[in-house]
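Each chain, written out:
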Amino acid sequence: MTYILAIDQGTTSSRAIVFDAAMKVKAVAQEEFPQYFPASGWVEHDPSDIWSSVAATTRAAIEKARVGVNDIAAIGITNQRETTLVWDRKSGEPIHNAIVWQDRRTSETCQQLKAAGHEPMVTERTGLLLDPYFSGTKLAWILDNVDGARAKAAAGDLLFGTVDCFLIWKLTGGKVHASDATNAARTLLYNIREGRWDDDICKLLSIPRSMLPEVRDCTAAFGHSRADLFGREIPIYGVAGDQQAATIGQACFRPGMMKSTYGTGCFALLNTGETPVASKNRLLTTIAYQFDGKPTYALEGSIFVAGAVVQWLRDGLKIIGNAGETQALAERADPAQEVVLVPAFVGLGAPYWNADCRGAVYGLTRNSGSAEFVRAALESVGYQTRDLLEAMRADWGGAAKGVLRVDGGMTASDWTMQFLSDIIGAPVDRPEVLETTALGAAWLAGSRAGVYPDADGFAKAWALDKRFEPGMEETERTAKYARWQRAVNATLRV
Ligand code: G3P
């Protein structure tokens, strides 16, 4: 039994990847599923789409890999974080669509809680901020808005889960209601210092404790998949939220190591070791991973729009046909023009945390065209990453001055990675294996199953594809970043 099945349930698609004994990708299956936008700023997923896409892709990946189900030693799960589901304990039926992490419907609730002075307590205990991004207020919204939900929840008939927890429930046929520490750390209900659900916060949001899953290590046993799914019960051994799984997949096991993943959004995590570091610069404190009951903490910067800006160039502005065209256009852009795009399409995340501001473009001239727009879009990803690193540097001394390990779809663009290195003034390392998130989940499961090496062995196996070194003059870097900061400040004021 030398293969590992990794499930990567993301925001726009579900993926299943079979890894072999050498931790190499043997087969991948992917399925996109519909996004629902019932009102401005609202984003939902149908739980049955989440489940059916996972069921279909796992089966397809096993088939493509041409491995017998008896050869699969374990399942690892990684997932879009914060997305909130509530289902009936007895029937297993969800009582509402999943409310997705991007959804801003609880913005007003968060404002009210902030105005009532609750944020310092919530931040101290959860490492998070009172922002609609996290699960807690989404869960309260479901209980408040679905008929009879509060009464059912009080009677112990409803269960809450983030996507990992929902998938574990479905895979085990309702036998296991559990989550891992990294996913729990994103709910706004979990005390990351004490490693338990926080009664005061649950009370503040009127959330009954009976709804909440048991929280386990990332390498714990999470039950077995139902025999009828794959023809055999397979143990679920590894679970982590996708950004934490990417941190693991990038082997950022030592304090000071950091990674940045460029998917829909961009999420940078800096390993800060065994002690949680409270941010003075509006970053999040979170659990990077938890082994043997011991959490390792991280500072996280979350940006909501990174790869999504390229989708906007393609689907909104229609100035490119596919992401691959951006490189040539960016290279062609007029160097004399200074177009700056602030992609605050759904507000701004770290370190600004403004749910209400919207995107803006500055510096347009009569000569500005698609090339300048594309360059500004790609540059916005670099500028936003620098915002995060500046905050990390301020929060954690010189530690964040080192190399940035990158992964995710956008890292395929050499132009974007070179600009990133130029603007942050530090080397950017792109690994050979770009399936970093799935690899992280696979390693969690595989190490527990005894198929993969320990953390040291895994870190040694991490291989570099390409290092990007900063080449920009310091004066230019400073001037460009100052222009970005002026643009953001203006956007926040509109
Ligand atoms: O916090 C949200 C994050 O986990 C979503 O990641 O890659 O599914 O967009 P992704």
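Computed from a predicted structure; not experimentally measured.

Criteria and thresholds
Residues numbered from 1 in each chain as written. Predicted model: local features only at pLDDT ≥ 70, side-chain atom pairs only at ≥ 80, totals over all residues. Heavy atoms only, no water. Pairing = 2+ DSSP bridges. Helix = DSSP H or I, 4+ residues; strand = E, 2+ residues; numbered from the N terminus. Axes fitted to C-alpha atoms, helices over the stretch in contact; angles between N-to-C directions. Contact = heavy atoms within 4.5 Å. Salt bridge = Lys/Arg side-chain N within 4 Å of Asp/Glu carboxyl O. Buried < 20%, exposed > 50% of the residue type's maximum accessible area, 1.4 Å probe, protein only. UniProt positions renumbered as here; feature names shortened; annotations may be inferred. Polar contact = N/O pair within 3.5 Å; in protein donor to acceptor, adjacent residues only side chain to side chain.

**Let's talk about the sheet that holds strand 5 (residues 72-79)**
Overall, mixed pairing links the five strands, which are arranged 3-2-1-5-13 in an open sheet. Unpaired on one side and paired on the other, strand 3 (25-32) and strand 13 (236-241) mark the two borders of the sheet. Between one strand axis and the next, the sheet turns through 15° on average, direction left out of account. With seven bridges connecting them, strand 1 (residues 3-9) and strand 5 associate as parallel partners. Across the sheet, residue isoleucine 7 finds its bridge partner in strand 5, namely isoleucine 77. The strands that helix 10 (residues 242-249) touches are strand 5 and strand 13; relative to strand 13, the one it contacts most, it runs at about 105°. Strands in contact with helix 15 (residues 436-449) are strand 1, strand 2 (13-19), strand 5 and strand 13; relative to strand 5, the strand with the most contacts, it is inclined by about 140°.

**What about the pattern of salt bridges?**
According to the stated counting rule, one finds 30 salt bridges in the structure shown. The closest approach of N and O atoms between aspartate 131 and arginine 104, which form a salt bridge, is 3.3 Å. Taken together, the residues aspartate 131 in the loop between helix 3 (119-126) and helix 4 (135-145) and arginine 104 in the loop between strand 7 (98-99) and helix 2 (107-115) connect sequence positions 27 residues apart. By relative accessible area, which is 4% here, aspartate 131 ends up buried. A salt bridge links arginine 196 to glutamate 194; the shortest N-O distance between them is 2.2 Å. Because the salt bridges share partners, they merge into one network encompassing Arg81, Glu82, Arg186, Asp242 and Glu300.

**Describing the UniProt feature "binding site: glycerol" (unreviewed entry) in the protein**
If you check UniProt for "binding site: glycerol" (unreviewed entry), the listed places come out as Arg81, Glu82, Tyr133, Asp242 and Gln243 in our numbering. As for its position among the elements, tyrosine 133 is in the loop between helix 3 and helix 4. Residue tyrosine 133 is classed as buried on the basis of its relative accessible area, which comes to 0%. Within polar-contact distance, the side chain of tyrosine 133 engages the side chain of arginine 81 at 3.2 Å. With relative accessibility at 6%, the residue glutamine 243 sits in the buried group.

**What to know about the side chain of glutamate 379**
With respect to the helices, strands and loops of the structure, glutamate 379 is situated in helix 13 (residues 370-395). Taking the relative accessible area as the measure of exposure, glutamate 379 reaches 5% and is therefore buried. With residues up to four places along the chain from it excluded, the contact list for glutamate 379 reads Val339, Trp415, Phe419 and Lys480.

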